[in-house]
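# Reading the structure
Chain residues, written in single-letter form:
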Amino acid sequence: MRAGERARADAMTEAANSLAAALSRLRRFEEARSLLRNTIPLAQRVVGHPIVGEDRELTLIMKLTYAKCLYKDDGATLDDLREAVNTLEDTERTARRVLGAAHPLVQNHIGRSLGESRATLRARETPSGSA
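Quick notes on the rules
Residues numbered from 1 in each chain as written. Predicted model: local features only at pLDDT ≥ 70, side-chain atom pairs only at ≥ 80, totals over all residues. Heavy atoms only, no water. Helix = DSSP H or I, 4+ residues; strand = E, 2+ residues; numbered from the N terminus. Buried < 20%, exposed > 50% of the residue type's maximum accessible area, 1.4 Å probe, protein only. Contact = heavy atoms within 4.5 Å. Salt bridge = Lys/Arg side-chain N within 4 Å of Asp/Glu carboxyl O. Expected span 1.5 Å × (residues − 1). Bend = angle between axes of the 7 residues up to and from the residue. Polar contact = N/O pair within 3.5 Å; in protein donor to acceptor, adjacent residues only side chain to side chain. Axes fitted to C-alpha atoms, helices over the stretch in contact; angles between N-to-C directions. Parallel < 35°, antiparallel > 145°, perpendicular 65-115°, else oblique. Left-handed = near helix turned anticlockwise from the far one by under 90°. Nonpolar A, V, L, I, M, F, W, Y, C, P; charged D, E, K, R; others polar. Core = buried A, V, L, I, M, F, W, Y, C linked by side-chain atoms within 4.5 Å.

## Things to note about the side chain of Glu92
Mapped onto the elements of the fold, Glu92 is located in helix α4 (residues 78–99). For Glu92, a relative accessible area of 16% corresponds to the buried category. Ignoring anything within four residues of it in the chain, the contact list for Glu92 reads Ile110, Gly111 and Leu114.

Dropping the structure here:
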C-alpha cells in the first residue's frame, strides 16, 4: 500500500471507529456493527502502519467496539452473544501478545467486556427457573 493510500485508509478507519463508538453510545448497535464489519477488514490490511493493521491498537479497539455492540444489544441472539465472546477472546489473546497483559486496554476494557459478555451469554443460556 502506497503512502497516500495508507494515509487515506488511516483517516477512514479512525473516522469509522469514532462514528461506530458514537453510534454504540446512542445504542444504535446494528448501524455500528454494519460499519465495523466493513471497516475492520480494511484496518487489518494496512500492513506496516503504526496505528492500524492486523495487530494494532486501533484495530483491537474496533473489534472491542464490535463485540460490545453484539452483547449489549437487547435484541441479541444466542449466536450474537457467542460471536461477541469469541471475538473478545481472540482480541484479548492478540492484545496480550501485542500490548502485554498489564496494558490498560487489555485489563480495563477487553477483560471487563469479556467478563460481561460471558455473563450475558450464561444468563441467556440458563433457562429461567434454573441456576
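## Focus on the pattern of salt bridges
This structure, assessed with the given rule, holds 10 salt bridges. Here Arg82 and Asp79 are joined by a salt bridge, their closest N and O atoms 3.3 Å apart. Here Arg82 pairs with Asp79, and both are found in helix α4, just three residues apart, close to one helical turn. Each of Glu30, Arg33, Arg37 and Asp73 takes part in a single network of salt bridges with overlapping partners.

## Remarks on helix α5 (residues 104–125)
Taking 1.5 Å of rise per residue, 22 residues should cover 32 Å, and α5 covers 30 Å from first to last C-alpha, within 8% of that figure. If you look at α5, its biggest bend is around 30°, right at Ile110. In this structure, the buried residues of α5 make contact with α3 (57–71) and α4.

## Overview of the environment of Asp79
By relative accessible area, Asp79 is classed as exposed at 55%. With 42 residues separating them in the primary sequence, Asp79 and Leu121 have C-alpha atoms 9.4 Å apart. There is a polar contact of 3.3 Å between the side chain of Asp79 and the side chain of Arg82.

## Digging into the packing of α4 against α5
For the pair α4 and α5, interaxial distance at closest approach is 9 Å and the crossing angle is 155°. Relative to α5, the element α4 is oriented roughly antiparallel. In this structure, α4 meets α5 at a crossing whose hand is left-handed. The segment α4 lies against α5, with Leu78, Leu81, Arg82, Val85, Leu88, Glu89, Thr91, Glu92, Ala95, Arg96 and Leu99 engaging Leu105, Val106, Ile110, Gly111, Ser113, Leu114, Ser117, Arg118, Thr120, Leu121, Arg124 and Glu125. Grouping the constituent residues of the contact of α4 with α5 by class yields 11 nonpolar, five polar and seven charged.

## Focus: the nonpolar core
One broad trend across soluble globular proteins is that nonpolar side chains are buried collectively. One finds Leu36, Met62, Leu88 and Ile110 to be the most contacted residues of the largest nonpolar core, which totals 27 residues. Contributing elements (two or more residues each) for this core: α1 (3–25), α2 (29–45), α3, α4 and α5. Take this core: its biggest share by element is nine residues, from α3. In contact with Met62, not counting residues within four places along its chain, are Thr13, Asn17, Leu36, Thr39, Ile40 and Ala43.

## Topic: the environment of Asp74
Inspection of the secondary structure assignment puts Asp74 in the loop between α3 and α4. When the C-alpha positions of Asp74 and Phe29 are compared, they lie 9.6 Å apart, and in sequence the two are 45 residues distant.

## A closer look at the packing of α3 against α5
For the pair α3 and α5, the least separation of the axes is 10 Å and the interaxial angle reads 25°. It follows from the interaxial angle that α3 and α5 lie roughly parallel. The crossing of α3 and α5 is left-handed. In contact with Glu57, Leu60, Ile61, Leu64, Lys68 and Tyr71 of α3, α5 contributes Leu105, His109, Ile110, Ser113, Glu116, Ser117 and Thr120.

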